[in-house]
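Observations on the three-dimensional arrangement
Letter by letter, the chains look like this.
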Amino acid sequence: MEDKHLYRETQWDVSAEESRAHHGLVAIGFAVLAVLVIAFCIWTFGGHGGAAWEFEADDALPIMTVKVTGGNTVAAPGDYWYSRDEFVQLQLSGGSIPGEEIERVTFDASLKTLSVELKDQGDVPTTMDIALTEWRLEPPTGVAVSEVEHVKITYQDGSTNEIAKADGLAE
């Protein structure tokens, strides 16, 4: 009889430990879920500690220029940026079809870097021509355009590149 009683107590002890282990795993699962939700919110609503900027393509903006050897000024042939009074002008180079589109623009004040993420348009055919698209990037309230010292582009394939500042704008 005593052996049967001892067996039941042992069963109870094992079940209690399994229950505590299960509760511990559930608690860890909720903690991981909370961290993921917070990370998603930061990424979605202005990641990298910065506020999201407004952006729109603007065909009325002039193309950018750079100085070349010999002192001549020519049209900038690729991705460049230029600081204007109330906005940052961004020039993206790509095929005319489908064209480069912006997904998100954020600013990291500690690095003085404007981060531009391009939309992933999937595996679509592109044209071989080069089209320059001018974008107007407007800061949120409380951020001055003059604070921007660097612009970094994240391309569709996930690669990133800091792009050069243009020397001026075409007249």
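Anyway, here's the lowdown on the structure attached to this text. Predicted model, so just to flag it, every value in this text is computed and none were measured.

Each value, and the rule that gives it
- Residues numbered from 1 in each chain as written.
- Predicted model: local features only at pLDDT ≥ 70, side-chain atom pairs only at ≥ 80, totals over all residues.
- Heavy atoms only, no water.
- Salt bridge = Lys/Arg side-chain N within 4 Å of Asp/Glu carboxyl O.
- Helix = DSSP H or I, 4+ residues; strand = E, 2+ residues; numbered from the N terminus.
- Buried < 20%, exposed > 50% of the residue type's maximum accessible area, 1.4 Å probe, protein only.
- Contact = heavy atoms within 4.5 Å.
- Polar contact = N/O pair within 3.5 Å; in protein donor to acceptor, adjacent residues only side chain to side chain.
- Pairing = 2+ DSSP bridges.
- Axes fitted to C-alpha atoms, helices over the stretch in contact; angles between N-to-C directions.
- Core = buried A, V, L, I, M, F, W, Y, C linked by side-chain atoms within 4.5 Å.
- Patch = residues over 30% accessible without salt bridge, like charges linked within 9 Å, V, L, I, M, F, W, Y side chains within 5 Å.
- Areas by Shrake-Rupley, 256 points an atom, 1.4 Å probe, with all protein chains shown as cover.

So, about the pattern of salt bridges. By the definition in use, this model includes four salt bridges. In this structure, the salt-bridge partner of Glu 101 is Lys 119, at a minimum N-O distance of 3.4 Å. Placement of Glu 101 in the loop between strand S5 (88-94) and strand S6 (102-108) and of Lys 119 in the loop between strand S7 (113-118) and strand S8 (131-138) is noted, with a sequence separation of 18 residues between them. By relative accessible area, Lys 119 is classed as partly exposed at 31%.

Here the focus is the environment of Thr 113. Locating Thr 113 in the fold gives a position in strand S7. In this structure, the C-alpha to C-alpha distance between Thr 113 and Val 148, residues 35 residues apart in sequence, is 5.9 Å. Contact partners of Thr 113, with chain neighbours within four places excluded, come to Thr 106, Phe 107, Asp 108, His 150 and Lys 152. Engagement of the side chain of Thr 113 in a polar contact is seen with the backbone oxygen of Leu 111, the distance being 2.9 Å.

In space, the eight strands of this open sheet follow the order S1-S8-S5-S4-S10-S9-S7-S6, with mixed pairing throughout. With partners counted over all chains shown, the strands left at the sheet margins are strand S1 (54-57) and S6, one partner each. Neighbouring strand axes in the sheet, compared pairwise and without regard to direction, differ in orientation by 25 degrees on average. Judged from the seven bridges that link them, S5 and S8 form a sheet pairing that is antiparallel. Across the sheet, residue Ser 93 finds its bridge partner in S8, namely Leu 132.

Counting residues in hydrophobic clusters, the biggest one holds 18 residues, and the most contacted among them are Leu 90, Ile 102, Leu 114, Val 116, Leu 137 and Val 151. For this core, the elements supplying multiple residues, two or more each, are S5, S6, S7, S8 and strand S9 (150-154). Aside from chain neighbours lying at most four places away, what touches Leu 114 is Trp 53, Val 88, Val 105, Thr 106, Phe 107, Leu 137, Val 148, His 150, Val 151 and Lys 152. In terms of nonpolar packing, the next biggest core, distinct from the first, is built from five residues, Met 64, Val 66, Ala 76 and Ala 166 among them.

Bringing the pairing of strand S2 (residues 64-67) into the picture now. For a regular strand, side chains alternate in direction, first toward one face of the sheet and then toward the other. Relative to strand S11 (residues 168-169), S2 runs antiparallel, the two sharing two bridges. Each residue of the ladder has a partner; that of Thr 65, found in S11, is Gly 168. Where S2 meets strand S3 (residues 73-75), three bridges bridge the pair, whose relative direction is antiparallel. Among the inter-strand pairings, Val 66 is bridged to a residue of S3, identified as Val 74. Here S2 folds back onto S3, and the loop between the two strands holds five residues, one of which, Gly 70, carries a positive phi near 95 degrees.

So, about a nonpolar patch on the surface. Residues Ile 63, Ile 130 and Leu 132 make up a contiguous nonpolar surface patch of roughly 250 Å² in combined accessible area. Position of Ile 63 relative to the elements: it lies in the loop between S1 and S2. Residue Ile 63 is classed as partly exposed on the basis of its relative accessible area, which comes to 33%.

Before going further, it helps to examine the sheet that holds S11. Sheet architecture is open: three strands sit in the order S3-S2-S11, paired in antiparallel fashion. This sheet does not close on itself; its edge strands, each paired only once, are S3 and S11.

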